[in-house]
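# Residue-level structural notes
Here's the letter readout for the chains.
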Amino acid sequence: MLALGLVLNTLGIGLFCWAIFALAVYALPFFVALSIGMMALQSGAGVVGALLIGTAGGVLTLVLGQTAVAVGRSLTLRIAIATAFAVPAAVAGYHLVFALSQIGVSSMAWREAFACLGAVCVAGTAWTRLTVFAEARPLSSVGAVEKPSQPILTAATREG
């Protein structure tokens, strides 16, 4: 029984950490969903209606962000949208790792170091998950010719 309790406890903690990490990565859609759900609840939509409306708002935010990054032509616009998703994720990741590090780390300097590392990891994951559908476009300079219309070697120089 003790071994089963340890295994289930480890699985539960792992599932809890995964869920918190997922919420930190999707901090912007989660915040939008929470805000829309709270507004719907206060306007009288009820608990079920607020949950449905909030979930739809969060999913719509995530889908619109991924679509805008995937089909956007401007690199600046794509970076701005990805940054809008990564910055809240970095803040959430910082606070998440800082709070969890208070359990086992006594030094304040090490807590800050772990929290900064957690912020970078969560922001990088958010950036990657948002830009996963964006295709890499080659950089092309204006006025450059991809294929020359005339062959470099003419027929006369090949024969001689």
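See the structure printed just above.
Calculation notes
- Residues numbered from 1 in each chain as written.
- Predicted model: local features only at pLDDT ≥ 70, side-chain atom pairs only at ≥ 80, totals over all residues.
- Heavy atoms only, no water.
- Helix = DSSP H or I, 4+ residues; strand = E, 2+ residues; numbered from the N terminus.
- Buried < 20%, exposed > 50% of the residue type's maximum accessible area, 1.4 Å probe, protein only.
- Expected span 1.5 Å × (residues − 1).
- Arc of directions from axis to C-beta.
- Contact = heavy atoms within 4.5 Å.
- Axes fitted to C-alpha atoms, helices over the stretch in contact; angles between N-to-C directions.
- Parallel < 35°, antiparallel > 145°, perpendicular 65-115°, else oblique.
- Lys, Arg positive; Asp, Glu negative; His and termini not counted.
- Salt bridge = Lys/Arg side-chain N within 4 Å of Asp/Glu carboxyl O.
- Phe/Tyr/Trp six-rings, centres within 6.5 Å; stacked < 30°, edge-to-face > 60°.
- Left-handed = near helix turned anticlockwise from the far one by under 90°.
- Nonpolar A, V, L, I, M, F, W, Y, C, P; charged D, E, K, R; others polar.

## Focus: the environment of Ala-84
Mapped onto the fold, Ala-84 is located in helix α4 (residues 75-104). Residue Ala-84 is classed as partly exposed on the basis of its relative accessible area of 38%. Separated by 56 residues in the primary sequence, Ala-84 and Leu-28 have C-alpha atoms spaced 7.9 Å apart.

## Digging into helix α2 (residues 27-42)
Note on helix geometry: an α-helix contains 3.6 residues per turn, so any two residues three or four positions apart are oriented the same way. Over its 16 residues, α2 runs 22 Å from end to end, which matches the ideal 22 Å to within 8%, given 1.5 Å per residue. Residues Ala-27, Pro-29, Ala-33, Gly-37 and Ala-40 constitute the buried set of α2. Buried residues of α2 fall within an arc of 160° about the axis and therefore sit on the same side. Every exposed residue of α2 that faces more than 90 degrees away from the buried side is listed here: Phe-31, Met-39 and Gln-42. On its buried face, α2 sits against α1 (2-25), α3 (46-71) and α4. Following α2 by one or two positions, Gly-44 adopts a phi angle in the positive range, close to 100°.

## Observations concerning the packing of α2 against α4
α4 packs onto α2 with a crossing angle of 90° between their chain directions and a minimal axis gap of 7 Å. Considering their axes alone, α2 and α4 lie roughly perpendicular with respect to each other. Contact residues: Ala-27, Leu-28 and Pro-29 in α2; Ala-84, Phe-85, Pro-88, Ala-89 and Ala-92 in α4.

## A word on the side chain of Arg-111
For Arg-111, the position within the fold is in helix α5 (residues 108-131). In this structure, Arg-111 is buried with no salt-bridge partner, the nearest side chain bearing the opposite charge being Glu-112 at 8.0 Å. Excluding residues that lie within four positions of it along the chain, Arg-111 makes contacts with Phe-98, Ser-101, Gln-102, Val-105 and Ser-106.

## Things to note about the packing of aromatic side chains
For the structure shown, the criterion picks out two aromatic pairs. Taken together, a centroid distance of 6.0 Å and an interplanar angle of 10° make the contact between Tyr-94 and Phe-98 stacked. With Tyr-94 and Phe-98 both in helix α4 and four residues apart, this pair spans about one turn of that helix. Under the relative-accessibility criterion, Phe-98 is labelled buried at 16%. Judged by centre distance (5.8 Å) and plane angle (35°), the rings of Trp-110 and Phe-114 are tilted. Here Phe-114 and Trp-110 lie together in helix α5, a separation of four residues that amounts to about one turn. Taking the relative accessible area as the measure of exposure, Trp-110 reaches 52% and is therefore exposed. Residue classification places Phe-114 among the partly exposed positions, given a relative accessible area of 34%.

## Side note on the packing of α1 against α5
For the pair α1 and α5, the least separation of the axes is 9 Å and the interaxial angle reads 65°. Considering their axes alone, α1 and α5 lie roughly perpendicular with respect to each other. Crossing of α1 against α5: the hand is right-handed. Within the contact between the two elements, α1 uses Phe-21, Ala-24 and Val-25 and α5 uses Val-122, Thr-125, Ala-126 and Arg-129. Here the contact of α1 with α5 is built from residues that sort into five nonpolar, one polar and one charged.

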